[in-house]
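So the chains spell out like this:
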Amino acid sequence: MERIKSGKLIHVVRSVVLAMSLLLIGTGIMKQEHTEVLQKAVKICLECIGIG
Amino acid sequence: MCVPVLNCYSCPGALGACPVGSLQTALGARHHFPFYVLGTMMLFGILLGRLVCGLLCPFGLVQDLMHKIPVPKWSVPKKIDRPMRYLKYAVLLGTVILLPALVVTKTGITPPYFCEYICPAGMLGGGIPQMIANPALRKLAGMLFSWKVLVLLLILLLSMFIHRPFCRYLCPLGAFYALFNRFAFYQMSLNERKCTGCKKCERSCPMAVEITREINSSECIRCGKCKAVCPEGAISSGFMFNNLKPYGDYRAYGTRSRRR
């Protein structure tokens, strides 16, 4: 019984986290955040390679 | 697009963006809530957990290869190993989240502290190749570059003696995915009826997980070595989408055994 309850709880947590992650990605795309990631990615990050 | 593993977008051959670097940029340079990056990290976390560390991470592969060098292997005593494992959570919270979010510099842009001072994957994948490919950059290398080379060499050297020291103690991305390991869709399970308690799985585990006690530990990187060595075939893994059914003789989610 305890195992079934634990399984149900985990199922709920999973579903909530999955829905939240999709919601966050959707919000981010609407706010054009994916273009920020691209802008950063196309440049050489000098700090990241130990310069700057 | 963020790829789920630790990588450096300064690498000359990079086709994706590092989630840790992107998170620091969103928090430190743009000073806004990182919806897109956090959502992407959570999506990979809930689907795969630390399977990302075990099977996808290029720096994990480098550490695995270093560990194959035939030198005496060290077993870190539990008294040191257990507290040290929390260090990666401090790195995640301190250098990736709090410092970029709270520190304000004169320019208004907070540097990516983890990338700048710690990340060995950035040095290996970005720093050294850029230095080889670009003579102009070589003239700019100073103390910081030397420090990062030292960090990289130290981690590579340690990898020869200890399995995946960076993943165990320092990786902030591993720490983030570890939060999802117990309830990610990808799970490990142990059949208690088949298990004879020989502990071959625990002896073979590169992350020193107590498999018979806590198979879905946050430290498990789902490399599958335990599954491969189990003589009884008691360990299985895969995507588990329906958890409403009881597992019967299967034990998952890190629950403790009733027998022990």
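Residues numbered from 1 in each chain as written. Chains lettered and ligands numbered in written order. Predicted model: local features only at pLDDT ≥ 70, side-chain atom pairs only at ≥ 80, totals over all residues. Heavy atoms only, no water.

(A) Representation of the overall build of chain A within the structure. On a plain count of helices and strands, chain A comes out with 2 helices and 0 strands. Counting only residues that meet the buried cut, chain A has 33% of its 52 residues in that class. Looking at chain A as shown, the accessible area adds up to about 3,200 Å², and 71% of this sits on carbon and sulfur atoms. (Helix = DSSP H or I, 4+ residues; strand = E, 2+ residues; numbered from the N terminus. Buried < 20%, exposed > 50% of the residue type's maximum accessible area, 1.4 Å probe, protein only. Areas by Shrake-Rupley, 256 points an atom, 1.4 Å probe, with all protein chains shown as cover.)

(B) A look at the overall build of chain B. In terms of helices and strands, chain B carries 14 helices and 3 strands. Each of the three principal axes of chain B carries a C-alpha extent, and together these read 65 × 45 × 35 Å. Looking at chain B residue by residue over its 260 residues, the buried ones come to 54%. Within chain B, residue pairs in contact and separated by at least 24 positions form 75% of the contacts whose partners lie at least 6 positions apart. As displayed, chain B has an accessible area near 11,900 Å², and 69% of this comes from carbon and sulfur atoms. Here chain B contributes 31 positive and 10 negative side-chain charges, whose respective centroids are spaced 4 Å apart. (Contact = heavy atoms within 4.5 Å. Lys, Arg positive; Asp, Glu negative; His and termini not counted. Charge placed at Lys NZ, Arg CZ, Asp CG, Glu CD.)

(C) Inspection of the interface of chain B and chain A at higher detail. Counting residues at the interface gives 52 residues for chain B, matched by 36 residues for chain A. Taking both sides of the interface into account, the surface hidden between chain B and chain A amounts to around 3,700 Å²; carbon and sulfur atoms contribute 70%. Counting the contacts that link chain B with chain A gives 0 salt bridges. Put simply, the parts of the chain that give the side of chain B that touches chain A at least two residues each are helix 1 (19–29), helix 2 (35–48), helix 7 (113–117), helix 8 (120–133) and helix 10 (143–161) of chain B. Top contributing element to the side of chain B that touches chain A by residue count: helix 2 of chain B, with 10 residues. Across the side of chain B that touches chain A, the residue classes break down as 35 nonpolar, 13 polar and 4 charged. (Buried area = accessible area lost by both parts, 1.4 Å probe. Salt bridge = Lys/Arg side-chain N within 4 Å of Asp/Glu carboxyl O. Nonpolar A, V, L, I, M, F, W, Y, C, P; charged D, E, K, R; others polar.)

(D) Quick look at the domain arrangement of chain B. Residues and elements named next belong to chain B. Split into domains, chain B comes out as domain 1 (19–178) and domain 2 (185–260). Here the C-alpha centroids of domain 1 and domain 2 sit 28 Å apart. Carbon and sulfur atoms supply 52% of the area that domain 1 and domain 2 bury against each other, a total of about 1,400 Å² over both sides. Connecting domain 1 to domain 2 are 5 salt bridges. A salt bridge links Lys78 to Glu210, with the nearest nitrogen and oxygen atoms 3.7 Å apart. On the surface where domain 1 and domain 2 come into contact, there are 8 residue pairs in polar contact (both at pLDDT 80 or more). Within the residue set of the side of domain 1 that touches domain 2, elements represented by two or more residues are helix 2, helix 3 (51–56), helix 5 (78–85), helix 6 (87–102) and helix 11 (165–169). With 4 residues, helix 3 is the largest single contributor of residues to the side of domain 1 that touches domain 2. Taken together, the residues of the side of domain 1 that touches domain 2 break down into 9 nonpolar, 2 polar and 7 charged. (Domains from an automatic or database assignment. Polar contact = N/O pair within 3.5 Å; in protein donor to acceptor, adjacent residues only side chain to side chain.)

(E) Seen up close, the nonpolar core. Residue and element names in this part refer to chain B. In this structure, Leu6, Phe59, Phe114 and Phe176 are the most contacted members of the largest nonpolar core, which totals 57 residues. Among the elements that line this core, the one with the most residues is helix 2, at 9 residues. In this structure Phe114 touches Leu6, Val20, Gln24, Val91, Thr95, Val96, Cys119, Phe166 and Pro172, once residues within four positions along its chain are discounted. Formed by 17 residues, the second largest nonpolar core is a distinct cluster that contains Cys195, Cys230, Ala234 and Ile235. (Core = buried A, V, L, I, M, F, W, Y, C linked by side-chain atoms within 4.5 Å.)

(F) Layout of a nonpolar patch on the surface. Residues Val12, Val16 and Met20 of chain A make up a contiguous nonpolar surface patch of roughly 260 Å² in combined accessible area. Among the secondary structure elements, Val16 of chain A is positioned in helix 1 (residues 2–30). (Patch = residues over 30% accessible without salt bridge, like charges linked within 9 Å, V, L, I, M, F, W, Y side chains within 5 Å.)

(G) How the structure looks around the pattern of salt bridges. All names here are of chain B. The final tally for this structure, using the stated rule, is 10 salt bridges over all chains. A salt bridge links Asp81 to Arg168, with the nearest nitrogen and oxygen atoms 3.5 Å apart. Remark: Arg168 occurs in helix 11 and Asp81 occurs in helix 5; sequence separation between them is 87 residues. As far as the burial class goes, Asp81 and Arg168 line up, both buried. Of the charged contacts, one joins Arg182 and Glu214 as a salt bridge, the two residues approaching to 2.7 Å between their closest N and O atoms. Here Arg182 is found in the loop between helix 12 (172–178) and strand 1 (186–191), whereas its partner Glu214 is found in the loop between helix 13 (200–204) and helix 14 (225–229), with 32 residues between them in sequence.

(H) Expanded view of the packing of aromatic side chains. Going through the model one piece at a time under the given rule, you end up with 9 aromatic pairs over all chains. Summarising the aromatic geometry, the rings of Tyr113 of chain B and Tyr117 of chain B are spaced 6.3 Å apart at their centres and angled 15° between planes, so their arrangement reads as stacked. Of this pair, Tyr113 of chain B and Tyr117 of chain B both sit in helix 7, 4 residues apart, which is roughly one turn of that helix. Residue classification places Tyr117 of chain B among the partly exposed positions, given a relative accessible area of 37%. Judged by centre distance (6.1 Å) and plane angle (70°), the rings of Phe176 of chain B and Tyr177 of chain B are edge-to-face. Ring pairing ties together the aromatic residues Phe176, Tyr177, Phe180 and Phe183 of chain B, which thus form one cluster. In this arrangement the basic side chain of Arg14 of chain A is found over the ring face of Phe185 of chain B, its NZ or CZ atom lying 4.9 Å from the centre. (Phe/Tyr/Trp six-rings, centres within 6.5 Å; stacked < 30°, edge-to-face > 60°. Lys NZ or Arg CZ within 6 Å of the ring centre and 35° of its normal.)

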